[in-house]
Structure formats: C-alpha cells, structure tokens
Protein chains: 2
Amino acid sequence: MLTRIDHIGIACFDLDTTVEFYRATYGFEVFHTEVNEEQGVREAMLKINETSDGGASYLQLLEPTREDSAVGKWLAKNGEGVHHIAFGTADVDGDSQDIRDKGVRVLYDEPRTGSMGSRITFLHPKDCHGVLTELVTAAPPTGTEH
Amino acid sequence: MLTRIDHIGIACFDLDTTVEFYRATYGFEVFHTEVNEEQGVREAMLKINETSDGGASYLQLLEPTREDSAVGKWLAKNGEGVHHIAFGTADVDGDSQDIRDKGVRVLYDEPRTGSMGSRITFLHPKDCHGVLTELVTAAPPTGTEH
C-alpha cells in the first residue's frame with residue numbers, strides 16, 4: 001500500500017546551483033547527497049516534512065553524471081523541471097507486482113537501489129497518464145543524517 | 001516558512017478517467033472535487049498522507065474547463081504530466097513577499113483562491129529551475145470532507 005508522497009524528483013543542469021536556489025529562496029537544507037552510478041545521477045535530498053506513516057517527504061534534485069543516462073537524455077529534451085514523482089510503501093516488491101498484474105508496465109524486473117539505501121522501481125509514464133512514477137521502500141533507520 | 005509538500009498538480013485530458021486510474025492502480029480515493037472558474041480547471045484532490053506541520057499532502061488532478069486556460073494551453077503543448085508542485089505555509093502573503101524581494105517573480109499581486117478555500121500564489125518557473133511552484137495557505141479546518 002502506498003502511504004506517502006516520498007519525494008518529487010527534479011532534474012537540473014547544475015546540482016550545486018539548484019541546491020543553493022532552494023536554500024536561499026525557501027530555506028530548504030540538504031539532508032543527504034550521493035552519486036548513484038547505476039542511475040547516472042548526482043543527487044541531493046532536501047527533507048521538507050515528516051509523514052503520518054513514519055516516513056518523510058523530500059525534494060530530490062538530480063544532476064546527470066553522463067549525457068546518456070535517463071536523466072541526461074530527459075534534460076536534453078525537456079530542460080529543467082519535474083522528472084518524476086515517488087510514492088512510499090513498506091513493500092515495494094509486493095506493490096510493484098500487484099501493479100504489474102493490473103497491466104501497468106514496471107520498468108525493472110526486481111527493485112533496485114535508490115537514495116539512502118532505499119529499494120525502488122519505476123512505472124512507465126505512458127501507463128500513468130504521463131507521469132514517471134517511482135515506488136520506494138525506505139531503508140530501515142540507522143540514525144540521524146546531516 | 002514553507003513546512004510541507006502540499007500537493008503535486010497533475011494535468012490530464014479527462015478527470016474521471018484519471019481519477020479512476022489512481023483509484024484502481026494505487027487505491028487513492030477522492031477527498032474533494034471542485035471547479036475553479038478563475039483558474040479554468042475542474043479538479044480532484046486525492047489525500048495521500050498527513051504531514052508533521054498539521055497539514056496534508058495531496059495529488060491534485062486538473063482537467064482544463066477551457067482550452068485558453070493556463071492548464072489547457074500547457075496540456076496542448078506538453079501532454080499529460082506534472083504541471084506544478086506546491087509547498088504549504090501558514091503565511092502565503094509574507095512568504096510570497098519575501099520570495100519576491102529575493103528577485104523571484106511572483107505571478108499574482110495578491111494571493112488568490114485555490115483548492116478547498118486555500119489562498120495561493122505561483123512563482124515563475126523560469127526563476128525556479130523550470131518548476132512552476134505554488135505556495136498554499138490552507139483554509140482553517142471546518143470539519144471532515146468526504
């Protein structure tokens with residue numbers, strides 16, 4: 001069951017400039033940064049609020065590390081903007097199977113590693129009214145990050 | 001101060017079909033519907049989770065009521081997808097003034113009426129790294145909607 005808006009993924013040309021825009025304009029601070037070589041992105045997670053299911057909602061700012069990554073190709077076509085949205089679930093495996101059984105294309109055979117040790121998959125935007133949609137199961141908590 | 005992701009605004013060609021997709025695929029139910037003649041949209045709010053500031057996060061599904069509305073023109077150009085994101089604040093007037101003072105274009109001189117009696121304004125996407133960004137102050141609670 002999907003129980004929260006986990007994050008909004010925003011593609012940008014320059015991560016540092018975009019992080020600074022969100023800090024200076026709204027006061028949003030970086031909670032976590034990482035490079036995901038498999039996805040071909042350098043990213044910053046800005047925590048916006050906590051959620052009633054015990055999780056949190058983030059903005060995920062994404063800069064491609066290579067032009068031929070999915071985000072790199074998307075940026076070249078569309079320019080900066082909202083790249084995807086993500087819903088949080090305790091069971092990405094079960095939910096993605098259920099959704100596949102309903103005829104929505106799930107892009108990975110098995111969930112892969114996402115931000116902060118989460119397990120993620122994506123649904124095909126053409127099956128989701130134009131919205132690239134991610135499902136996320138967060139990693140078990142290990143402490144507070146800064 | 002912006003304290004939550006208030007909603008993700010998703011433009012669609014047919015509201016009823018899109019509502020049914022979100023219900024059948026994810027189990028998300030309609031919390032509220034309305035027509036906003038000023039914005040030129042018919043909309044459905046799907047409540048996804050409550051937030052740590054006492055508010056909630058929604059998906060806002062938007063069907064234009066006329067082709068020359070902002071959402072109608074956007075859809076004709078882009079097709080279905082994420083149209084805007086919205087942050088919640090207790091003080092849309094103060095925050096939009098602060099943000100204007102930082103050089104970001106605010107689209108309305110004064111906040112206007114948004115979903116469920118909220119007060120809203122928008123920031124120019126070209127000043128926000130390609131993201132049309134809304135600021136929302138929710139109406140005071142008057143009871144539970146269904």
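Residues numbered from 1 in each chain as written. Chains lettered and ligands numbered in written order. Predicted model: local features only at pLDDT ≥ 70, side-chain atom pairs only at ≥ 80, totals over all residues. Heavy atoms only, no water.

1. Comments concerning the layout of surface pockets
The cut-off we apply is this: Only protein atoms enter the 1 Å grid used here, on which a cavity is any set of points holding a 1.4 Å probe that cannot leave and a pocket is any open set flanked by protein within 12 Å on both sides along at least five of seven lines; residues with an atom within 4 Å of a point are listed as lining. Grid points are joined across faces, edges and corners, and a volume is the space filled by probe spheres set on the points. Secondary structure follows DSSP: runs of H or I at least 4 residues long count as helices, runs of E at least 2 residues long count as strands, and numbering of each begins at the N terminus. Side-chain classes are defined by residue name, with Ala, Val, Leu, Ile, Met, Phe, Trp, Tyr, Cys and Pro counting as nonpolar, Asp, Glu, Lys and Arg as charged, and the others, Gly among them, as polar.
Volume-wise, the largest pocket comes out at about 1,400 Å³. Trp74, Asn78, Gly81, Val82 and His83 of chain A are the residues nearest the centre of the largest pocket, which is lined by 47 residues in total. At the level of secondary structure, the elements contributing two or more residues to the lining of the largest pocket comprise strand S3 (41-50), strand S4 (56-64), helix H2 (70-78), strand S5 (81-89) and strand S7 (119-123) of chain A together with helix H2 (70-78) and strand S5 (81-89) of chain B. Here the residues of the lining of the largest pocket sort into 19 nonpolar, 18 polar and 10 charged.

2. Concerning the relation of the copies chain A and chain B
Note on the chain copies: they are related by a rotation about an axis and a translation along it. For the record, the criterion: The copies are overlaid by a least-squares fit using only the C-alpha atoms of residues whose pLDDT is at least 70 in both copies. Contact between two residues is taken to exist if any of their heavy atoms lie within 4.5 Å; hydrogens are not considered.
With an axial shift of 0.0 Å and an RMSD of 0.0 Å, the rotation relating chain A to chain B amounts to 180°. In the structure described here, the two chain copies are related by an operation that fits a two-fold rotation axis. By C-alpha distance to the rotation axis, the residue of chain A lying nearest is Thr51 of chain A, at 2.3 Å. Of all interface residues in chain A, 100% are interface residues in chain B too; the two copies therefore contact each other through one and the same surface.

3. Side note on the UniProt feature "domain: VOC" (unreviewed entry) in chain A
To be explicit about the condition: UniProt positions are given in the numbering used here, feature names are shortened, and annotations may be inferred rather than shown by experiment.
UniProt annotation of "domain: VOC" (unreviewed entry) refers to residues 4-138 of chain A when read in the numbering used here. Counting secondary structure, residues 4-138 of chain A comes out at 23% helix and 41% strand; the distance between its end C-alpha atoms is 11 Å.

4. Concerning the sheet that holds strand S7 (residues 119-123) of chain B
All names here are of chain B. We count it as follows: Pairing between two strands is assigned when DSSP locates at least 2 bridges connecting them. Here, axes are lines fitted to C-alpha atoms. For helices the fit covers the stretch in contact, and angles between N-to-C directions go from 0 to 180 degrees.
Overall, mixed pairing links the 8 strands, which are arranged S2-S3-S4-S1-S5-S8-S7-S6 in an open sheet. The sheet is open, and its two edges are formed by strand S2 (30-36) and strand S6 (112-113), each paired on a single side. Lying on the sheet, helix H1 (residues 15-26) is in contact with strand S1 (2-11), S2, strand S3 (41-50) and strand S4 (56-64); it crosses S4 at an angle near 150°.

5. Some points on helix H1 (residues 15-26) of chain A
Residue and element names in this part refer to chain A. Selection rule: For a helix, the expected span equals 1.5 Å multiplied by the number of residues minus one. Burial status follows relative accessibility: with a 1.4 Å probe on protein chains alone, a residue under 20% of its type maximum counts as buried, one over 50% as exposed, and anything between as partly exposed. The arc refers to the directions leading from the helix axis to the C-beta atoms.
For H1, spanning 12 residues, the distance from its first C-alpha to its last is 16 Å, which sits close to the expected 16 Å at 1.5 Å a residue. Within H1, burial applies to Leu15, Thr18, Val19, Phe21, Tyr22, Thr25 and Tyr26. All buried residues of H1 lie within an arc of 155° about the axis, which places them on one face of the element. Just downstream of H1, Gly27 is the residue with a positive phi angle, here 80°.

6. Focus: the interface of chain A and chain B
Using the following cut-off: Accessible area, probed at 1.4 Å, shrinks when two parts are joined; the buried area is that loss added up over both. Should a side-chain nitrogen of Lys or Arg be within 4 Å of a carboxyl oxygen of Asp or Glu, the pair is scored as a salt bridge.
At the junction of the two partners, chain A supplies 37 residues and chain B supplies 37 residues. Here chain A meets chain B over a buried area of about 3,100 Å², counting both sides, of which 69% is carbon and sulfur. For the chain A face of the interface with chain B, the top three residues by lost area are Ile5, Tyr26 and His129 of chain A, together amounting to 22%. Linking chain A to chain B there are 0 salt bridges.

7. Thoughts on the sheet that holds strand S6 (residues 112-113) of chain A
Strand pairing within a sheet occurs via backbone hydrogen bonds; the two strands may be parallel or antiparallel. Residues and elements named next belong to chain A. One open sheet holds the 8 strands; their spatial order is S2-S3-S4-S1-S5-S8-S7-S6, and the pairing between them is mixed. Since the sheet does not close on itself, it has two edges, and those belong to strand S2 (30-36) and S6, each with one partner. Where strand S1 (residues 2-11) lies against S4, 5 bridges are found, and the strand directions are parallel. Bridging from a neighbouring strand, Ile8 pairs with Leu59 of S4. Packed on one face of the sheet, H1 meets S1, S2, S3 and S4 and runs near 150° to S4.

8. A closer look at the pattern of salt bridges
Throughout the structure, instances matching the rule amount to 20 salt bridges over all chains. One salt bridge connects Asp127 of chain A with Arg105 of chain A, and the closest N-O pair in it is separated by 2.9 Å. Placement of the pair is Asp127 of chain A in the loop between S7 and strand S8 (133-137) and Arg105 of chain A in the loop between helix H3 (92-101) and S6, with a sequence separation of 22 residues. Between Arg42 of chain B and Glu63 of chain B there is a salt bridge, and its shortest N-O distance comes to 3.3 Å. With Arg42 of chain B in strand S3 and Glu63 of chain B in strand S4, this residue pair connects regions lying 21 residues apart in the sequence. Overall, the relative accessible area of 15% leaves Glu63 of chain B in the buried class. Because the salt bridges share partners, they merge into one network encompassing Arg4, Asp6 and Asp53 of chain A.

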